[in-house]
Amino acid sequence: QVQLVESGGGLVQPGDSLRLSCAASGFTFSTYYMTWVRRAPGKGLEWVADIDSGGGSTYYGGFVKGRFAISRNNAKNTLYLQMNSLKSAVTALYSCARRGHSYHSAVTSWGRGTQVPVSS
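K.L.:
Could you give an account of the overall build of the protein, with specific residues and numbers?
P.N.:
The number of helices and strands found in the protein is zero helices and 10 strands. Across the protein, helices and strands are ordered from the amino to the carboxyl terminus as β-β-β-β-β-β-β-β-β-β. For the protein, whose C-alpha radius of gyration is 13 Å, the value lies close to the compact-globule estimate of 14 Å for 120 residues. Taking the principal axes of its C-alpha atoms as reference, the protein extends roughly 40 × 25 × 25 Å. By the burial criterion, 43% of the 120 residues in the protein qualify as buried. Once local pairs closer than 6 in sequence are excluded, the contacts in the protein between residues at least 24 apart make up 53%. Each charge class in the protein was averaged separately, 12 positive and 5 negative side chains, and the resulting centres sit 2 Å apart.

K.L.:
Explain the packing of aromatic side chains residue by residue, including any values.
P.N.:
Tallied over the full model, the rule gives four aromatic pairs. Ring plane angle 90° and centroid distance 5.4 Å describe the contact between Phe-27 and Tyr-32, whose orientation is recorded as edge-to-face. With a relative accessible area of 14%, Phe-27 lands in the buried category. Geometrically, the ring pair formed by Phe-63 and Phe-68 is edge-to-face, given 6.1 Å between the ring centres and 90° between the ring planes. Every member of this aromatic cluster is reached through a ring pair, and the members are Phe-27, Phe-29 and Tyr-32.

K.L.:
Quick one: what's the story with the sheet that holds strand β1 (residues 3–7), residue by residue and with numbers?
P.N.:
Strand pairing in a sheet takes place through backbone hydrogen bonds and is either antiparallel or parallel in direction. Read from one edge of the open sheet, four strands run β1-β2-β7-β6, paired in antiparallel fashion. Both outer strands of the open sheet, β1 and β6 (68–73), are each paired with one neighbouring strand and no more. Within the sheet, the average angular offset between the axes of one strand and its neighbour, ignoring direction, is 15°. In the sheet, β6 pairs with strand β7 (residues 78–83) via six bridges, with the strands oriented antiparallel.

K.L.:
Which residues make up the pattern of salt bridges, and what values go with them?
P.N.:
Taken as a whole and assessed by the stated rule, the structure comprises two salt bridges. For Arg-38, the salt bridge is made with Glu-46, and the minimal N-O distance between the two is 2.8 Å. Owing to a relative accessible area of 5%, Arg-38 belongs among the buried residues under this scheme. Looking at Glu-46, the relative accessible area reads 21%, which means it is partly exposed.

K.L.:
Let's hear about unusual backbone geometry: which residues, and what values?
P.N.:
It is generally the case that most residues other than glycine have a negative phi and that most peptide bonds are trans. One non-glycine residue, Ser-85, lies in positive phi territory at about 50°. Relative to the helices and strands, Ser-85 is located in the loop between β7 and β8 (92–98). Judged by relative accessible area, which is 38%, Ser-85 ranks as partly exposed. The backbone phi angle of His-104 is positive, close to 55°, even though this residue is not glycine. Structurally, His-104 is set in the loop between β8 and β9 (109–110). A residue is classified by how much of its surface remains accessible, and His-104, at 38% relative accessible area, is partly exposed.

Quick notes on the rules
- Residues numbered from 1 in each chain as written.
- Predicted model: local features only at pLDDT ≥ 70, side-chain atom pairs only at ≥ 80, totals over all residues.
- Heavy atoms only, no water.
- Helix = DSSP H or I, 4+ residues; strand = E, 2+ residues; numbered from the N terminus.
- Rg over C-alpha atoms; globule rule 2.2 N^0.38 Å.
- Buried < 20%, exposed > 50% of the residue type's maximum accessible area, 1.4 Å probe, protein only.
- Contact = heavy atoms within 4.5 Å.
- Lys, Arg positive; Asp, Glu negative; His and termini not counted.
- Charge placed at Lys NZ, Arg CZ, Asp CG, Glu CD.
- Phe/Tyr/Trp six-rings, centres within 6.5 Å; stacked < 30°, edge-to-face > 60°.
- Pairing = 2+ DSSP bridges.
- Axes fitted to C-alpha atoms, helices over the stretch in contact; angles between N-to-C directions.
- Salt bridge = Lys/Arg side-chain N within 4 Å of Asp/Glu carboxyl O.

These values are about where atoms sit, not about what they do.
Structure below.
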């Protein structure tokens, strides 16, 4: 059974850094593209970043501006999102999800998300 469990969220202040983790199980993690998405107040679901199966290619939404980094450790079946220089507008629920085997392929499994509230 496919399972994705996010962790690492918590209250931060503007300028802080935070690393989110997504523990995957129930499938061959190393063969799938993975993605991070978020839902912020007043907005719908927003794409944050993608990574290919081996971790060699990464893709980011335009708002990231070099502050976020998606990575993965296939030996540990874990996906990461490093977030640096957080801004107040980033307050959101961050979720990891499994795609297929190509860029922006359909999402097939979702995690439940981890909250990142940014204080002012």
